[in-house]
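Letter by letter, the chains look like this.
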Amino acid sequence: MSMRIVVAALLSAGMIGAAVAADDTVPWGDGSVAGWDIAIDQTLGGGCYILAQFDRDTFVRIGFDPSNADYYLILADADWQSIEADKEYDLSVTLGRRQPWDAAATGILMGDQPALLVRSTDTDFLDEFSSQQNIKVEYSG
């Protein structure tokens, strides 16, 4: 998935004050469940995603990219100014009280705002993600 598509998808989801681009995303069903926005991203070949905003304007988006037959996790926060585009970041992602997942993330920029992109084909992560109440992400402890 190109970084341009990731940027467009996040911006269309309402991140960083951008308006929803009707041609790029389509709400799924009523468009929201329990604080998560649910939509289909037409720039990703009709892949679906969920997006939520948490403490201090941190955004979490997880979705499926049919063009690569994988899923992605995007973490973004305007305060993360030290993230550099195309730099690799080793993360620890803990879902609920489960064992942490090691995740290799790539820094991306959405306009001038930093974000982290994780790609994977491991569906066990998705199973845990859907069954847990919280997510904790750490970088360098």
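Residues numbered from 1 in each chain as written. Predicted model: local features only at pLDDT ≥ 70, side-chain atom pairs only at ≥ 80, totals over all residues. Heavy atoms only, no water.

Our focus in this paragraph is the overall build of the chain. Each helix and strand counted, the chain has two helices and nine strands in total. The order of helices and strands in the chain, counted from the N terminus, is α-β-β-β-β-β-β-β-β-α-β. For the chain, the residues scored as buried account for 41% of the 141 residues in total. Residue pairs at least 24 apart in sequence account for 44% of intrachain contacts in the chain once pairs closer than 6 positions are excluded. In the form shown here, the chain has an accessible surface area of approximately 7800 Å², with 50% of it arising from carbon and sulfur atoms. (Helix = DSSP H or I, 4+ residues; strand = E, 2+ residues; numbered from the N terminus. Buried < 20%, exposed > 50% of the residue type's maximum accessible area, 1.4 Å probe, protein only. Contact = heavy atoms within 4.5 Å. Areas by Shrake-Rupley, 256 points an atom, 1.4 Å probe, with all protein chains shown as cover.)

Phi at Ala 69 takes a positive value of approximately 55°, unusual for a residue other than glycine. Even without being a glycine, Asp 86 presents a positive backbone phi close to 70°. Tracing the backbone shows Asp 86 in the loop between β5 (70-76) and β6 (88-95).

For any pair of aromatic rings, the description consists of the separation of the ring centres together with the inter-plane angle of the planes. Tallied over the full model, the rule gives six aromatic pairs. Note on Trp 36 and Phe 54: the rings are 5.7 Å apart at their centroids and 65° apart in plane angle, and the pair reads as edge-to-face. Placement of the pair is Trp 36 in strand β2 (residues 36-41) and Phe 54 in strand β3 (residues 47-54), with a sequence separation of 18 residues. Seen in terms of ring centroids, Tyr 71 and Phe 125 are 5.8 Å apart; in terms of plane orientation they differ by 5°. Their pairing is stacked. You can see Tyr 71 sitting in strand β5 and its partner Phe 125 sitting in helix α2 (residues 123-131), a full 54 residues away along the chain. Like Tyr 71, the residue Phe 125 is buried in the burial classification. Following the ring pairs from residue to residue traces out a cluster consisting of Trp 36, Phe 54, Tyr 71, Trp 101, Phe 125 and Phe 129. Here Arg 61 stacks its cationic end above the ring of Tyr 49, 3.5 Å away from the centre of that ring. (Phe/Tyr/Trp six-rings, centres within 6.5 Å; stacked < 30°, edge-to-face > 60°. Lys NZ or Arg CZ within 6 Å of the ring centre and 35° of its normal.)

What follows concerns the nonpolar core. The biggest cluster of nonpolar side chains holds 19 residues, and the ones touching the most others in it are Leu 73, Leu 91, Val 93, Phe 125 and Phe 129. At the level of elements, β4 (58-65), β5, β6, β7 (101-110), β8 (113-120) and α2 are the ones that each hand at least two residues to this core. Of all the elements, β6 adds the most residues to this core, at four residues. The residues contacting Phe 125, other than those within four sequence positions of it, are Ile 62, Tyr 71, Leu 73, Val 93, Leu 95 and Trp 101. Core analysis: the second largest hydrophobic core is formed by twelve residues, Ala 39, Ile 74, Ile 108 and Ala 115 among them. (Core = buried A, V, L, I, M, F, W, Y, C linked by side-chain atoms within 4.5 Å.)

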